[in-house]
Amino acid sequence: MRVIVCCLFIIANISNNGKASLESFAPSGANILFEDNTKNLGQVSCYRPCKFNVKPKRCYYTFKIEPTIQADDRPAITINGKTPGPPIQACVNDIIIVEVENRILDQDISIHWHGIEQKGTPFMDGVPMVTQCPIGYGQTFKYAFVATSPGTFFYHADSVYHQSDGVYGPLIINQPQPLEPHSSIYDYDRSKENTLIIAAKMPELLTAKLEDVSKLKPDELIINGDGDISKFFVMAGFAYRLRLINAIAIECPVVLNIDNHEMIVIASDGKPTKPVLARNVELYPGERMDVVVRATQESGGYWVRARGNGACAGVTANAMLIYSGFNYTSMLQENQNDLEDPHHANWESDLVVGGQMLESLQDQSHATDVKSVYLGIDRNVIKVKDDEIDFRYISDAIPKKPYFPAPLALKENGVVQINHKNFLYPNVPIMVKPKEVRADMFCNVGEEDKQVEIQCLQVLDAVEGDVLEIALVNEGFGSNDSYTFHMHGYSMQVIATWQNPKDKPISKEDFHTLNKNGKILRNLQNPPFKDTITVPNKGYTIVRIKIDRGGSWLLECRSCALSSLPAAILIRVPQAIPKSVVDSLPKCGSYRPPDVLLN
Ligand SMILES: *[C@@H]1O[C@H](CO)[C@@H](O)[C@H](O)[C@H]1NC(C)=O
Ligand SMILES: *[C@@H]1O[C@H](CO)[C@@H](O)[C@H](O)[C@H]1NC(C)=O
């Protein structure tokens, strides 16, 4: 669908203190009148059964983001005092408005709405220096976007450090039940009660740390925050849709199962899939999965077990599936670390279903004319002094602020790179002010060797109608890690994933030889649509993206960023942003409230 941004209109109201507010907000061409009766009520829940032919709502939230001491005396970065932050639950076509206030001293933030397409609002994607100026300490930024597609999403701070410290929360878009393709196989879809958002608790706060934190290991996994153990109540005989979210920011795949209960996977990254029966499901950081669980067992309480892998190897979390009427007090007394379950033991060896193995619900007829792009990903030791590296974004604000903190000890550990470069954030938000980006920052994907700097603004230019076939090859000369990538604004079709069974690295030449000899099997019939993918070590994942909307969209390694330089490319599709919008968006560093000036 082509989005006509010229028709998007925003009446901007810049008040004296420089805060921009988007007073009126309308998606392209949609003839919707917004009643704004929610604004004075503060937080307004839009959670309700979604119906046909009713006016969409405006769902208004305020997020105050600040450091808080948690119940266990550990500090976290919280949203309104809590982590995870408020669940955003809305219906398709609702307008979601979130006013974000940054109260983290000396830190810039922005919030990314993970999986949201931002149709008509590409400048609301929440990537600093790509779609917006970062939100400085004391500043407020108002996000507004339309919930265009149903599914399980989440939001998080763009910075891996802030996300790891607690800035994340669920974002679920519901639709009228008859439109849900799998509604016949479950009885209840209560996204408010039946969502599990999984995070990893680090031993110390990462925010503002300038030392090397790459060796830090999470202490534990947590499900729905750190309070009481999460409980999911079911009635015998009925089937429930559960929404699983891996909200971890580092390379921690999580395997989840439920004692004595099978799951039916029905969606991945918000998109429906062919149903698959599973005893174990695996989610990489940023992935979501919807599963159906039927309460077919004897009335009782059953453990939901989440087990970390990768950087979270050895850490776990549990939740409880409780049949109504069952007194679960005794269950709480079981030693959590010593939970023996005879069925469970057998099940662990069963197949683990991951998002990339699934098939999309509808078969595709596929484009033959694709633009092929090779991304060689590996950890490389780079020959520079740490202090010569610009690991920050350069904003027109002074002074420059650390954003991806401290690539210390890069020399020993190396950094994860794409085509031997690290991503350089532009000097101005490129989507809003493309002409002001310094020309010497750029390098085109595939021609990176023309740029001498280690970091450059890696751009892949595309136009509407293009089908990009991107081979992400985790070459594996410099590391044994898998990497998780997230595509902003788009779903990708995952047409191939492979890991070299011989455990040997793959070079670009090896990949091209495999491809030329027809050794790469592509699923062009029903590849799953995903916005978050894993690229196995000494292996590859090949995706196709059908470009149908303008914008500047990151394809980024989310899990590479701990004490490293950014690994990402920017897919740039021409998009004019109306001057009224540009003028309404806050300027970088232009606004400092009085209490900041006094500091
Ligand atoms: C549940 O069981 C505990 C002991 O295991 C008991 O103390 C408690 O009263 C029970 N609660 C109910 C509601 O029966
Ligand atoms: C990767 O694994 C191999 C085999 O286990 C080992 O020899 C090698 O040192 C590892 N490489 C890195 C970078 O850890």
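Residues numbered from 1 in each chain as written. Chains lettered and ligands numbered in written order. Predicted model: local features only at pLDDT ≥ 70, side-chain atom pairs only at ≥ 80, totals over all residues. Heavy atoms only, no water.

Colleague: Would you mind going over the packing of aromatic side chains with me for this structure?
Modeller: Each aromatic ring pair is specified by the distance between its two centres and by the angle formed by the two planes. In this structure the tally under the stated criterion is 15 aromatic pairs. Seen in terms of ring centroids, Trp113 and Tyr143 are 5.2 Å apart; in terms of plane orientation they differ by 70°. Their pairing is edge-to-face. Highlighted residues: Trp113 in strand 7 (residues 111-114) and Tyr143 in strand 8 (residues 140-146), separated in sequence by 30 residues. Residue Trp113 shares its accessibility class with Tyr143, and that shared class is buried. One aromatic cluster is present, built from ring pairs that chain together Phe63, Trp113, Phe141, Tyr143, Phe145 and Tyr155. (Phe/Tyr/Trp six-rings, centres within 6.5 Å; stacked < 30°, edge-to-face > 60°. Helix = DSSP H or I, 4+ residues; strand = E, 2+ residues; numbered from the N terminus. Buried < 20%, exposed > 50% of the residue type's maximum accessible area, 1.4 Å probe, protein only.)

Colleague: Got a minute to help me understand the sheet that holds strand 8 in this structure?
Modeller: Backbone hydrogen bonds hold the strands of a sheet together, and the pairing may be parallel or antiparallel. Across the sheet, which stays open at both edges, the four strands sit in the order 4-3-6-8 with mixed pairing between neighbours. Two strands lie at the open edges of the sheet, namely strand 4 (75-79) and strand 8, each paired on one side alone. The average angle at which neighbouring strand axes cross in this sheet is 20°, direction not considered. By the bridge criterion, eight bridges tie strand 3 (residues 58-69) to strand 6 (residues 95-102) in an arrangement that is parallel. Bridging across to strand 6, Arg58 finds its partner in Ile95. (Pairing = 2+ DSSP bridges. Axes fitted to C-alpha atoms, helices over the stretch in contact; angles between N-to-C directions.)

Colleague: Before we go on, may I ask you to explain the pairing of strand 5 (residues 88-91) in this structure?
Modeller: Two faces, one strand: in a regular strand the side chains alternate between the faces of the sheet. In strand 5, alternate side chains face the same way, and those of Ile88 and Ala90 on one face and Gln89 and Cys91 on the other are all buried. Two strands pair when backbone bridges link them, and strand 5 and strand 10 (residues 168-174) are joined in this way by four bridges, in the parallel orientation. Within strand 10, the residue paired with Cys91 across the bridge is Asn174.

Colleague: Please clarify how empty space enclosed by the protein should be interpreted in this entry.
Modeller: In total, this model carries seven cavities of 30 Å³ or more according to the counting rule given. By volume, the largest cavity amounts to about 120 Å³. As for the largest cavity, its lining consists of 13 residues, of which Cys133, Pro429, Val432, Lys433 and Pro586 are closest to the centre. Its residues assigned to classes, the lining of the largest cavity shows eight nonpolar, two polar and three charged. (1 Å grid on protein atoms, 1.4 Å probe; cavity = no way out; pocket = protein on both sides within 12 Å on 5 of 7 lines; lining within 4 Å. Points joined across faces, edges and corners; volume = space filled by probe spheres on them. Nonpolar A, V, L, I, M, F, W, Y, C, P; charged D, E, K, R; others polar.)

Colleague: Looking at this structure, I do not really get the pattern of salt bridges. What am I missing?
Modeller: Should their charged atoms come close, side chains of opposite charge can pair. Overall, the coordinates contain 31 salt bridges when judged by the stated rule. The closest approach of N and O atoms between Asp440 and Arg438, which form a salt bridge, is 3.1 Å. The class for Arg438 is partly exposed, based on a relative accessible area of 38%. Across the pair Asp461 and Arg572 runs a salt bridge, and its minimum N-O distance is 2.9 Å. Residue Asp461 is located in strand 27 (residues 455-461), and its partner Arg572 is located in strand 35 (residues 568-573); the two are separated by 111 residues in the primary sequence. Connected through salt bridges with shared partners, the residues Asp72, Arg74, Lys201, Asp219, Glu220 and Asp226 form a single ionic network. (Salt bridge = Lys/Arg side-chain N within 4 Å of Asp/Glu carboxyl O.)

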